[in-house]
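Structure assessment
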Amino acid sequence: IERAARTATDDVEFADERHVEPGDLEFVRLERGNADFAPACMKLLHGAEDDGVRPGCWLGAAAERKQAALELGPDNINALMHRGLAYGGKGDFDKGFADLNHAIELSPQFARAYYYRGMLYTVRGNSDRALADFNAALKLDDKSAEAYIARAGIYALKGDQDRAIADLTHTIQI
């Protein structure tokens, strides 16, 4: 419980540093690669209720905010990226992947879009495509601790503990 509370506090501080809206805290947790959060995230992503929280309520609000931003600028890659993640979080993976793919088409050098698409592939259980996207994100931004952590998770799932440890060790050095 103490570790979970410390992690939650760290997530809030991380969000505050980046001026993230309270409703987007779950994005922060996904972005940070919070392993302790993964089971709760999976429940929310798949619509299971937990402790009276309405599934997807924050995801719907986030998608609406991103939609409003896109109406002002339909090729806003940040809004596309975050709306894609929000759609994926609601279980609408077709729309999520469409937005992330469009963001990547508009800006092929946008490492975060590859990272987020990799996260959606991870949730969908497609570790090969997730790994390819994490590799692409790291090729573009070799200082992304989140991408190294996410890639380490994929390596661990595939049984490649040596590569997982190497990525996590590299993350410590960043």
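To start, this report covers the structure provided alongside it. Every value quoted in this text rests on a predicted model; they were computed, and no experiment measured them.

What counts, and where the lines are drawn
- Counting of residues starts from 1 at the beginning of each chain's written sequence and follows it residue by residue.
- Totals for whole chains, interfaces and linings use every residue, but because this is a predicted model, local features are given only for residues with pLDDT of at least 70 and side-chain atom pairs only at 80 or more, for both listing and counting.
- To get the side-chain values, all heavy atoms of the structure are used, and hydrogens and water are removed first.
- Angles run from 0 to 180 degrees between N-to-C directions of axes, and those axes are lines fitted to C-alpha atoms, restricted for helices to the stretch in contact.
- Labels follow the DSSP assignment, with helices taken as runs of H or I lasting at least four residues and strands as runs of E lasting at least two, numbered in each case from the N terminus.
- Roughly parallel refers to an angle under 35 degrees, roughly antiparallel to one over 145, roughly perpendicular to one between 65 and 115, and oblique to any angle outside these ranges.
- In this scheme the crossing of two helices becomes right-handed for a clockwise turn of the near helix relative to the far one and left-handed for an anticlockwise turn of less than a right angle.
- Any two residues having at least one pair of non-hydrogen atoms within 4.5 Å are treated as being in contact.
- Under the convention adopted here, Pro, Cys and the residues Ala, Val, Leu, Ile, Met, Phe, Trp and Tyr are nonpolar, Asp, Glu, Lys and Arg are charged, and Gly plus all remaining residues are polar.
- Burial classification: accessible surface area is computed with a 1.4 Å probe over protein chains only, and a residue below 20% of its type maximum counts as buried, one above 50% as exposed, and the rest as partly exposed.
- We define a salt bridge as a side-chain nitrogen of Lys or Arg found within 4 Å of a carboxyl oxygen belonging to Asp or Glu.

This paragraph deals with the packing of helix 7 (residues 111-124) against helix 8 (residues 127-140). In the contact formed by helix 7 and helix 8, the axes pass within 8 Å of each other and the chain directions differ by 160°. By the angle class used here, helix 7 and helix 8 are roughly antiparallel. The crossing of helix 7 and helix 8 is left-handed. Every residue of helix 8 that contacts helix 7 at A111, Y114, Y115, R117, G118, M119, Y121 and T122 is listed here: R129, A130, D133, F134, A136, A137 and L140. Within the contact of helix 7 with helix 8, the residues separate by chemical class into 10 nonpolar, two polar and three charged.

The next point concerns the packing of helix 8 against helix 9 (residues 145-157). One way to put it is that helix 8 packs onto helix 9 with a least axis distance of 9 Å and a crossing angle of 150°. In this view, helix 8 runs roughly antiparallel relative to helix 9, as classed from their interaxial angle. The two elements helix 8 and helix 9 cross, and the hand of that crossing is left-handed. Where helix 8 abuts helix 9, its residues S127, A130, L131, F134, N135, A137 and L138 lie against A147, Y148, A150, R151, I154 and Y155. A per-class count over the contact of helix 8 with helix 9 returns 10 nonpolar, two polar and one charged.

Inspection of the secondary structure puts I172 in helix 10 (residues 161-173). Put simply, I172 and A145 are 27 residues apart on the chain and 8.3 Å apart in space, counted from C-alpha to C-alpha.

Mapped onto the elements, D99 comes out in helix 6 (residues 93-106). Overall, D99 belongs to the buried group, its relative accessible area being 7%.

Here the idea is simple: oppositely charged side chains can pair when their charged atoms come close. Under the defined criterion, the tally for this structure stands at seven salt bridges. A salt bridge links D99 to R83; its shortest N-O distance comes to 2.5 Å. Taken together, the residues span a long stretch of sequence, with D99 in helix 6 and R83 in helix 5 (residues 77-89) at a distance of 16 residues. For R83, a relative accessible area of 11% gives the class buried. Here D128 makes a salt bridge to K158, at a shortest N to O gap of 2.5 Å. Separated by 30 residues along the polypeptide, D128 in helix 8 and K158 in the loop between helix 9 and helix 10 bring together distant segments of the chain. Overall, the relative accessible area of 41% leaves K158 in the partly exposed class.

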